[in-house]
Amino acid sequence: MEIDPLPNGSGSVGTTIPEAAAATTTAATAALKTTPSSKLSQLTESLKLEHQLLRVPFEHYKKTIRANHRAVEKEVSAVISSVADVADCNEPSKEDAVLNLTSLVSRLQGLKRKLEEGSRTENLQAQRCRARLDHLESVDAENLSEWNNVRLKRILVDYMLRMSYYDTAMKLAESSNIQDLVDIDVFQEAKKVIDALRNQEVGPALAWCVDNKSRLKKSKSKFEFQLRLQEFIELVRAENHMRAILYARRHLAIWGATHLKELQRVMATLAFRSNTGCAKYKVLFEPKQWDFLVDQFKQEFCRLYGMTLEPLLNIYLQAGLSALKTPYCYEDDCTKEDPLSQDSFRKLALPLPYSKQHHSKLVCYITKELMDTENPPQVLPNGYVYSTKALKEMAEKNNGTITCPRTGLVCNYSELVKAYIS
């Protein structure tokens, strides 16, 4: 899912997961015991980045348990209420008693089916958590390359899911046999809400808010309020003013204590039409408000499951680009071998600081090797600089003649001047 750059992490999510944290520590300890010291640092840093791998299925598992618990409590309460109603009847007829008992048995059978289905779902999600713990525990120095290859595929699947390439993500996961290591089912849940919002429907999003009401309240989310405002705006757009007023009394009045200014601004649209020229209210009727709701949902969804707000692929690429970014990368004559010569990488690296260079480094245009005291730079008559190694090899192949690869200038090796770096 494409999200504007924001601080990564899930600091706004109040839930802690001591079990998953302990499992991560166990996995790291087990791996480090069998790892040579040469790769100790690399492996330790790799495991530190796997917080999301454990957090997402764990949060999904907890959510399923809570949902099943609420459903069971509701059904059990209904059964007990039915039994109490039957017990309160004064000498019911045989037909009524049979009818009541049949209804009660049918309800209990339905409860049993729901319990079995919920148990299967919980077991599948527990197995997924176990599979990810086993994946972390399996890493060691011998299979580090293979393990990193699997991680790369996980990162690509994560990126595809966030960008809404669901079919491609599923095919990659299936072909790589990593279904238990990626979160396709979690993103499928988000897809239903996103598709509905893009079709200008708020029903699925409001249902999602109800399912996660306690978590959203704990994080002080405004998402449900923004959905209600948009639904009110649509009633005003359709000129159903009376329905809009009734809707505001029922669904918006409760937000007055915390969001009064926004509420007053939206309520003022009752005095304007959707084609108003007043910029303050005109913006509320623009289609981009739905795009804003989609982006807001993506952010709330990521926070809820403890995901990074940026795709993992972007985070890893930015980590690498931060070490390469220099002012020269944005100049017109930047070499094509530099990743930052490409517009897509430049855009990704735009918010990153320049890398700190303590000393200048000269790299030969021909051999791509570093020019230093062992391989000093030499200057051609036209001012271009290349390494001694490259120019010697060229001179040996051409009877002492040098041809500049960038300008085509031809000169003798004796005409070169050695350059000194202070």
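Keep in mind that what you see is a predicted model, and the values were worked out from it rather than measured.

Draft legend 1. Spatial organisation of the overall build of the chain. Tallying secondary structure elements over the chain gives 17 helices and 7 strands in all. A sequence separation of at least 24 residues applies to 63% of the contacts in the chain between residues at least 6 apart. Element-wise, carbon and sulfur atoms account for 54% of the exposed surface of the chain, whose accessible area totals about 25100 Å².

Draft legend 2. Representation of the nonpolar core. Leu-197, Trp-208, Phe-223, Leu-227, Phe-297, Phe-301 and Met-307 are the most contacted members of the largest nonpolar core, which has 35 residues in total. Secondary structure elements with two or more residues in this core: helix H5 (144-162), helix H6 (166-176), helix H7 (184-198), helix H8 (203-211), helix H10 (223-237) and helix H14 (288-304). When neighbours within four sequence positions are excluded, Trp-208 is seen to be in contact with Lys-63, Glu-189, Val-193, Leu-216, Phe-223, Phe-297, Glu-300, Phe-301 and Leu-304.

Draft legend 3. Here's a closer look at H8. For H8, the complete set of buried residues consists of Ala-205, Leu-206, Trp-208 and Cys-209. Down the axis of H8, the smallest arc covering the buried residues is 155°, so these residues share one side. Buried-residue contacts for H8 involve helix H3 (51-88), H7, helix H9 (213-218), H10 and H14.

Draft legend 4. The arrangement of the side chain of Glu-59 in detail. The topology assignment puts Glu-59 in helix H3. Overall, the relative accessible area of 1% leaves Glu-59 in the buried class. Polar side-chain contacts of Glu-59 include one of 2.8 Å to the side chain of Arg-55. Looking at Glu-59, its side chain comes within polar contact range of the side chain of Arg-215, at 3.2 Å.

Draft legend 5. Structural context of the packing of aromatic side chains. Applying the stated criterion across every chain, the model contains 9 aromatic pairs. In this structure an aromatic cluster arises from ring pairing among Phe-187, Trp-208, Phe-223, Phe-297, Phe-301 and Tyr-305. Over the aromatic face of Tyr-365 sits the side chain of Lys-368, whose NZ or CZ is 4.7 Å from the ring centroid.

Draft legend 6. Expanded view of the packing of H8 against H10. At a closest axis distance of 10 Å, the pairing of H8 and H10 adopts a crossing angle of 150°. By the criterion of interaxial angle, the relationship of H8 to H10 is roughly antiparallel. For H8 against H10, the interelement crossing comes out left-handed. The residues of H10 that touch H8, namely those facing Ala-205, Leu-206, Trp-208 and Cys-209, are Phe-223, Glu-224, Leu-227, Arg-228 and Glu-231. Counted by class, the contact of H8 with H10 contains 6 nonpolar, no polar and 3 charged residues.

Draft legend 7. Structural context of the environment of Asn-148. Within the fold, Asn-148 resides in helix H5. For Asn-148, a relative accessible area of 22% puts it in the partly exposed group. A polar contact is formed between the side chain of Asn-148 and the side chain of Arg-151, at a distance of 3.1 Å.

Draft legend 8. The sheet that holds strand E4 (residues 385-387), seen in detail. Across the sheet, which stays open at both edges, the 3 strands sit in the order E4-E3-E7 with antiparallel pairing between neighbours. Each edge of the open sheet carries a strand with a single partner, namely E4 and strand E7 (417-418). The sheet contact formed by strand E3 (residues 377-379) and E4 spans 3 bridges and is antiparallel. From the neighbouring strand, Gln-378 faces E4, where its bridge partner is Tyr-386. Helix H17 (residues 388-397) rests against E3 and E4 of the sheet, and its axis sits at about 85° to E4.

Draft legend 9. Representation of the packing of H7 against H14 in the model. Their axes nearest at 9 Å, the elements H7 and H14 cross at an angle of 165°. As summarised for this structure, H7 and H14 are arranged roughly antiparallel, according to the angle between their axes. The two elements H7 and H14 meet at a crossing, and its hand is right-handed. Taking contact as the criterion, the partners of Val-186, Phe-187, Glu-189, Ala-190, Val-193, Ile-194, Leu-197 and Arg-198 in H7 are, on H14, Trp-290, Leu-293, Val-294, Phe-297, Lys-298 and Phe-301. Broken down by class, the residue content of the contact of H7 with H14 amounts to 11 nonpolar, no polar and 3 charged.

Draft legend 10. A look at the environment of Trp-147. Here Trp-147 shows up in helix H5. Exposure remark for Trp-147: the relative accessible area of 2% places this residue in the buried category. It is 9.1 Å that separates the C-alpha atoms of Trp-147 and Leu-136, two residues lying 11 residues apart in sequence.

The rules we used
- Residues numbered from 1 in each chain as written.
- Predicted model: local features only at pLDDT ≥ 70, side-chain atom pairs only at ≥ 80, totals over all residues.
- Heavy atoms only, no water.
- Helix = DSSP H or I, 4+ residues; strand = E, 2+ residues; numbered from the N terminus.
- Contact = heavy atoms within 4.5 Å.
- Areas by Shrake-Rupley, 256 points an atom, 1.4 Å probe, with all protein chains shown as cover.
- Core = buried A, V, L, I, M, F, W, Y, C linked by side-chain atoms within 4.5 Å.
- Buried < 20%, exposed > 50% of the residue type's maximum accessible area, 1.4 Å probe, protein only.
- Arc of directions from axis to C-beta.
- Polar contact = N/O pair within 3.5 Å; in protein donor to acceptor, adjacent residues only side chain to side chain.
- Phe/Tyr/Trp six-rings, centres within 6.5 Å; stacked < 30°, edge-to-face > 60°.
- Lys NZ or Arg CZ within 6 Å of the ring centre and 35° of its normal.
- Axes fitted to C-alpha atoms, helices over the stretch in contact; angles between N-to-C directions.
- Parallel < 35°, antiparallel > 145°, perpendicular 65-115°, else oblique.
- Left-handed = near helix turned anticlockwise from the far one by under 90°.
- Nonpolar A, V, L, I, M, F, W, Y, C, P; charged D, E, K, R; others polar.
- Pairing = 2+ DSSP bridges.

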